[in-house]
Amino acid sequence: MAQEAMRQLVRFGRQYAAVMRLVTLVPICAIALFRSAPGNLAPTALVVAVAAAWTCGYAWWLGRGRGSVPVVLDVVVLLGLAACVWWTDAIEDTNTGWLRLLVLFMCVTCQWHTPVLVGAAAALAAGGGTVVAVAAAGADASVIRGLLWAPAAAALSRVAWTLLRRAAHRADLAADEAARARGRSLMAAAVRAEEREFANALHDTAATTLLMVGIGQVRSDAGWLPAQARRDLDRLASGSSPAHAHADVVELLRAGLDAVPLTVEFDAPGEVRLPYDVARAIADAAGEALTNVRRHADTTRATVRLRGDSQALRLDIADRGRGFSPAEVPATRYGLRESVHGRMTRIGGTATITSAAGEGTLVRLEWRAGDG
């Protein structure tokens, strides 16, 4: 998803700011109450209660709200709490440490969920306003110097947050480029697959027919040749079916039997519907196996048996011809490598060839739903 790292960082900044404000609230309130003189405990407790209630409400807004208006209210509340040092005699009791911590954490965490200008203005207003309030109440220089650390800490917090945002932005750019690269890779793979399937179809149809005529296996005036040529052209022109279409593999197999000049014993269920790409691949692999029988087995008979259903099936193409040694077939032989094994592999199926000289050949094609 575009800009996901940045969105996650923004969400983290708001949530972590809320957690930080809440976690530090308990010790800050405890410091305020324990440092207060007995005579000033009641007003101090009231001021602390207001601070606690506001901090809890502000943390809730950080988790759910939007906009900068609560940031303005946060500054106003903190300045109001600072003005209460006259009422609570906090200067006389040297009980300003809790207020300094409250302002410090506000200035620091504000940088994690506000724009730069808003965060800077909030830190300057809260820190500077508190300094003015306690200075007017008679605080000594050490208290004022302690409060001056709040804007400086806010600046360091903003620098760190800016670095994190830049890292998130770079991560988003890298993720976008990776997504584009994956898209280009998938497109290239789709093009290669289409080219490979066209090459398979060309090999299985026109190229095979022309080769058999060229080497004299088939007479050029054979009666079945014109019909075969028309089927070859139709197969090449048909292209592919939509990805979500289904087809009856039995029907495709039966049509393929008509294209091979063999006497074939066909045994199959009445109908087995599969995703079109799967059905087409199985039928084409079977067609190539039958073509190999016609070209190499020195027999005119074959048996094709289909067992299974739309979830799993097994297709056997067998002949009683002269057979061969599969281990001795050169790796450059396109038919077995791509038109049979390759097709089945790409749909998650398998092709097993069992043969021996003088023993005939069995080509077994197997496929199971979910393995592709």
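For clarity, every value in this text was computed on a predicted model and none was experimentally measured.

(A) Highlighting the nonpolar core. Core analysis: the largest hydrophobic core is formed by 46 residues, its most contacted members being W98 and C107. Counting only elements with at least two residues in this core, the list comes to α1 (4–35), α2 (41–64), α3 (69–83), α5 (97–110), α6 (116–136) and α7 (141–214). Filtering out sequence-adjacent residues up to four positions away, C107 remains in contact with A123, A126, G127, A150 and A154. Counting residues in hydrophobic clusters, the runner-up holds 36 residues, among them A247, A289, L315 and W367.

(B) Layout of the sheet that holds strand β6 (residues 350–355). On the basis of which strands lie adjacent, the open sheet formed by five strands has the order β2-β4-β5-β7-β6 and mixed pairing. In the strand order of this sheet, the two ends are held by β2 (263–267) and β6, each with one partner. Across the sheet, the mean angle from the axis of one strand to that of its neighbour is 15°, orientation sign disregarded. In this structure, strand β5 (residues 312–319) lies alongside strand β7 (residues 361–368), joined through eight bridges in antiparallel fashion. The partner of R314 across the bridge, within β7, is E366. Across the sheet, helix α9 (residues 249–258) touches β2, β4 (301–308) and β5, and the angle it forms with β2 is around 170°.

(C) Examining the packing of α1 against α2 more closely. Contact pair α1 / α2: the axes reach a minimum separation of 9 Å and the direction vectors enclose 170°. In terms of their interaxial angle, α1 and α2 are classed as roughly antiparallel. Between α1, through R14, A17, A18, R21, L22, L25, C29, A32 and L33, and α2, the contact on the second element is made entirely by L41, T44, A45, V48, A51, A52, T55, C56, Y58, A59, W61 and L62. Split by residue class, the contact of α1 with α2 holds 17 nonpolar, two polar and two charged.

(D) Here's a closer look at the packing of α5 against α6. Put simply, α5 and α6 touch, their axes get as near as 8 Å, and they point 165° apart. Taken together, α5 and α6 sit at an angle that is classed as roughly antiparallel. Along this stretch, α5 crosses α6, giving a crossing that reads as left-handed. Contacts from L99, V103, M106, C107 and C110 in α5 reach G119, A122, A123, A126, G127, T130 and V134 in α6. Residue composition of the contact of α5 with α6, by class: nine nonpolar, three polar and no charged.

(E) Structural context of helix α10 (residues 276–296). Along its 21 residues, α10 runs 30 Å from first to last C-alpha, staying within 8% of the 30 Å computed at 1.5 Å per residue. Of all 21 residues that make up α10, 17 are buried, and the element is covered over most of its length. Note on α10: the residue one or two positions beyond its end, D298, has a positive phi of about 60°.

(F) Quick peek at the pattern of salt bridges. For the coordinates displayed, the defined rule picks out 12 salt bridges. Of the charged contacts, one joins R7 and E4 as a salt bridge, the two residues approaching to 3.7 Å between their closest N and O atoms. Of this pair, R7 and E4 both sit in helix α1, separated by three residues, roughly a single helical turn. Note that R180 is salt-bridged to E177, the shortest N-O span being 3.0 Å. Here E177 and R180 lie together in helix α7, a separation of three residues that amounts to about one turn. What emerges from the salt-bridge pattern is a single network uniting E265, D267, R305 and R307.

Thresholds applied
Along each chain, residue indices are assigned from 1 in the same order as the chain's sequence is written. Local features in this predicted model are restricted to residues of pLDDT 70 or higher, and side-chain atom pairs are both shown and tallied only at a pLDDT of 80 or more, whereas totals for entire chains, interfaces and linings draw on every residue. The side-chain values count all of the structure's non-hydrogen atoms but skip hydrogen atoms and water molecules. Put simply, a nonpolar core is a bunch of buried Ala, Val, Leu, Ile, Met, Phe, Trp, Tyr and Cys residues held in one set by side-chain atoms that sit within 4.5 Å of each other. Only protein chains enter the accessibility calculation, which uses a 1.4 Å probe; a residue is then buried when its area is under 20% of its type maximum, exposed when over 50%, and partly exposed in between. A run of H or I in DSSP becomes a helix once it reaches four residues, and a run of E becomes a strand once it reaches two; helices and strands are each numbered from the N terminus. Contacts are residue-level and defined by heavy atoms, with any inter-residue pair within 4.5 Å sufficient. At least two DSSP bridges between two strands are required for those strands to pair. To get an axis, fit a line to the C-alpha atoms, keeping to the stretch in contact for a helix; angles then go from 0 to 180 degrees between the N-to-C directions. Oblique is the label for any angle not covered by the other classes, which are roughly parallel (under 35 degrees), roughly antiparallel (over 145) and roughly perpendicular (65 to 115). Polar here means any residue other than Ala, Val, Leu, Ile, Met, Phe, Trp, Tyr, Cys and Pro, which are nonpolar, and Asp, Glu, Lys and Arg, which are charged; Gly is therefore polar. Each crossing gets its handedness from the near helix: less than a right angle anticlockwise from the far helix is left-handed, clockwise is right-handed. Each residue after the first adds 1.5 Å to the expected span of a helix. Salt bridge, as used here: a side-chain nitrogen of Lys or Arg that lies within 4 Å of a carboxyl oxygen of Asp or Glu.

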